[in-house]
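Examining the three-dimensional arrangement
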Amino acid sequence: MAATVIDGKAFAAKVRGQVAEHVDRLKSGHGITPGLAVVLVGSDPASEVYVRSKGKMTVEVGMKSFEHKLSADTSEKDLLDLIDKLNNDPEVHGILVQLPLPDHLDEDLVINSITPAKDVDGFHISNVGLLSTGQKSMVPCTPLGCLMMLRDHHGSISGMDAVVIGRANIVGKPMAQLLLRDSATVTIAHSRTKDLPEVVRRADIVVAAVGRPEMVVGDWIKPGATVIDVGINRIERDGKTKLVGDADYESCAKVAGAITPVPGGVGPMTIACLLANTLTACCRANGLDEPEGLTA
């Protein structure tokens, strides 16, 4: 029996609709409009496309969008001065500095210069620490999107056996923390894990975030397991460029109970959760109840 396809594109549209409803209530009930500032340094084509998409969707849900495009040779001081200005701007509730940055800029320094309450990427060291200790924090967008889809599909993941393949700070580590908070039993695996296939085979939930095209194959998957594929890899096949995930979709879909496709799975949820995080940050800044179902 073929796996149920978890449609991230449709789910992301639903989340954006919920965000828009909350934004409308904030405007009408409190006279507040959430604002998201995105900073792009340089002219990386992929980053430019991503920033345009973020700006378009920010406006579509009724938020204010502030875009700051800086030249690739912008000095670290000038970038930090801009971030300081945004930190102190009451109309800006979320700040995102698009990564990667040019080599002469210290990414850690830049990220940690953002006020934690406005760090809608959830990368600030304070937010990392708060998440790992189970306290209220801003949560990285991609893991939050994965968690939302898992909750929607399963209702509860309490007691389920989850394996996260990948230990990076952006997805793997925060994903494990979120699964733990929902009372799953969590293993963090990676490319050097001994007998990785056997580790994965025992999992009810597999989150593939290792960055290797089609590494996870159907033979690794426990029958009926849920596969959340975070990978976005461009490969050449049959003379054409194709997007594939970290899981081999065809073989995994024959065994899994549910699976996210690539593209159209986790990807669309990242921007949707960025908007949700901006809304959450705005509500927290104004002492209002957080939007139900849109936070971790």
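Here is a short report on the structure shown in this document.

Looking only at helices and strands, the protein chain has ten helices and eleven strands in total. The C-alpha radius of gyration computed for the protein chain amounts to 19 Å, which stays within 12% of the reference 19 Å derived for 296 residues, consistent with globular compactness. Taken along its principal axes, the extent of the C-alpha atoms in the protein chain is 50 × 45 × 35 Å. When the 296 residues of the protein chain are sorted by exposure, 49% land in the buried category. When contacts within the protein chain are restricted to residue pairs at least 6 apart in sequence, those whose partners lie at least 24 apart make up 68%. If you sum the accessible surface of the protein chain, you get close to 13,500 Å²; carbon and sulfur atoms cover 51% of it. For the protein chain, the distance from the average site of its 30 positive side-chain charges to the average site of its 37 negative ones is 3 Å.

The next point concerns the nonpolar core. Core analysis: the largest hydrophobic core is formed by 55 residues, its most contacted members being Val15, Val19, Met148, Ile157, Leu179, Met269 and Leu279. When residues of this core are traced back to their parent elements, those giving at least two are α1 (8–30), β2 (35–41), α2 (45–60), α6 (141–154), β5 (161–165), α7 (172–181), β7 (205–208) and α10 (266–285). The leading source of residues in this core is α10, at twelve residues. Filtering out sequence-adjacent residues up to four positions away, Met148 remains in contact with Phe11, Val15, Met269, Cys273, Gly293, Leu294 and Thr295. Of all hydrophobic cores here, the second largest spans 21 residues; its members include Ala3, Ala208, Ala247 and Cys252.

Attention now goes to the pattern of salt bridges. Applying the stated criterion across every chain, the model contains eleven salt bridges. Salt-bridge contacts for Lys77 lead to Asp81; the nearest nitrogen and oxygen are separated by 2.8 Å. With Lys77 and Asp81 both in helix α3 (residues 76–87) and four residues apart, the pair spans about one turn of that helix. Among the salt bridges present, the one from Glu198 reaches Arg201, with a minimum N-O distance of 3.0 Å. Placement of the pair is Glu198 and Arg201 together in helix α8 (residues 196–201), with a separation of three residues, close to one helical turn.

This part covers the side chain of Thr260. As for its position among the elements, Thr260 is in the loop between β11 (258–259) and α10. Within polar-contact distance, the side chain of Thr260 engages the backbone nitrogen of Asp229 at 2.8 Å. Sequence-distant contacts of Thr260, defined by excluding residues within four places in its chain, comprise Ile6, Met149, Val227, Ile228, Asp229, Tyr249, Gly265 and Val266.

Below, the discussion takes up the sheet that holds β7. The strand order β1-β11-β8-β7-β5-β6 describes an open sheet built from six strands, whose pairing is parallel. In the strand order of this sheet, the two ends are held by β1 (4–5) and β6 (185–189), each with one partner. Two elements, β7 and strand β8 (residues 226–229), share four bridges in a ladder whose sense is parallel. When the sheet's bridge partners are listed, Ile205 is paired in β8 with Thr226. Docked against the sheet, α7 engages β5, β6 and β7, running at close to 170 degrees with respect to β5.

One key point about sheets: their strands pair by backbone hydrogen bonds, in either a parallel or an antiparallel sense. Read from one edge to the other, the open sheet built from three strands follows the order β3-β2-β4, with strand pairing classed as parallel. Sheet topology places β3 (64–70) and β4 (94–97) at the edges, where each strand pairs with a single neighbour. Each adjacent strand pair in this sheet contributes to an overall mean axis angle of 15 degrees, direction not counted. Of the pairings in the sheet, the one linking β2 to β3 comprises seven bridges and is parallel in character. From the neighbouring strand, Leu36 faces β3, where its bridge partner is Ser65. In the packing of α2 onto the sheet, contacts are made with β2, β3 and β4, and the angle to β3 comes to roughly 160 degrees. With respect to the sheet, α3 is in contact with β2, β3 and β4, its orientation differing from that of β2 by roughly 180 degrees.

The rules behind these values
- Residues numbered from 1 in each chain as written.
- Predicted model: local features only at pLDDT ≥ 70, side-chain atom pairs only at ≥ 80, totals over all residues.
- Heavy atoms only, no water.
- Helix = DSSP H or I, 4+ residues; strand = E, 2+ residues; numbered from the N terminus.
- Rg over C-alpha atoms; globule rule 2.2 N^0.38 Å.
- Buried < 20%, exposed > 50% of the residue type's maximum accessible area, 1.4 Å probe, protein only.
- Contact = heavy atoms within 4.5 Å.
- Areas by Shrake-Rupley, 256 points an atom, 1.4 Å probe, with all protein chains shown as cover.
- Lys, Arg positive; Asp, Glu negative; His and termini not counted.
- Charge placed at Lys NZ, Arg CZ, Asp CG, Glu CD.
- Core = buried A, V, L, I, M, F, W, Y, C linked by side-chain atoms within 4.5 Å.
- Salt bridge = Lys/Arg side-chain N within 4 Å of Asp/Glu carboxyl O.
- Polar contact = N/O pair within 3.5 Å; in protein donor to acceptor, adjacent residues only side chain to side chain.
- Pairing = 2+ DSSP bridges.
- Axes fitted to C-alpha atoms, helices over the stretch in contact; angles between N-to-C directions.

The values are spatial; any link to function lies outside them.
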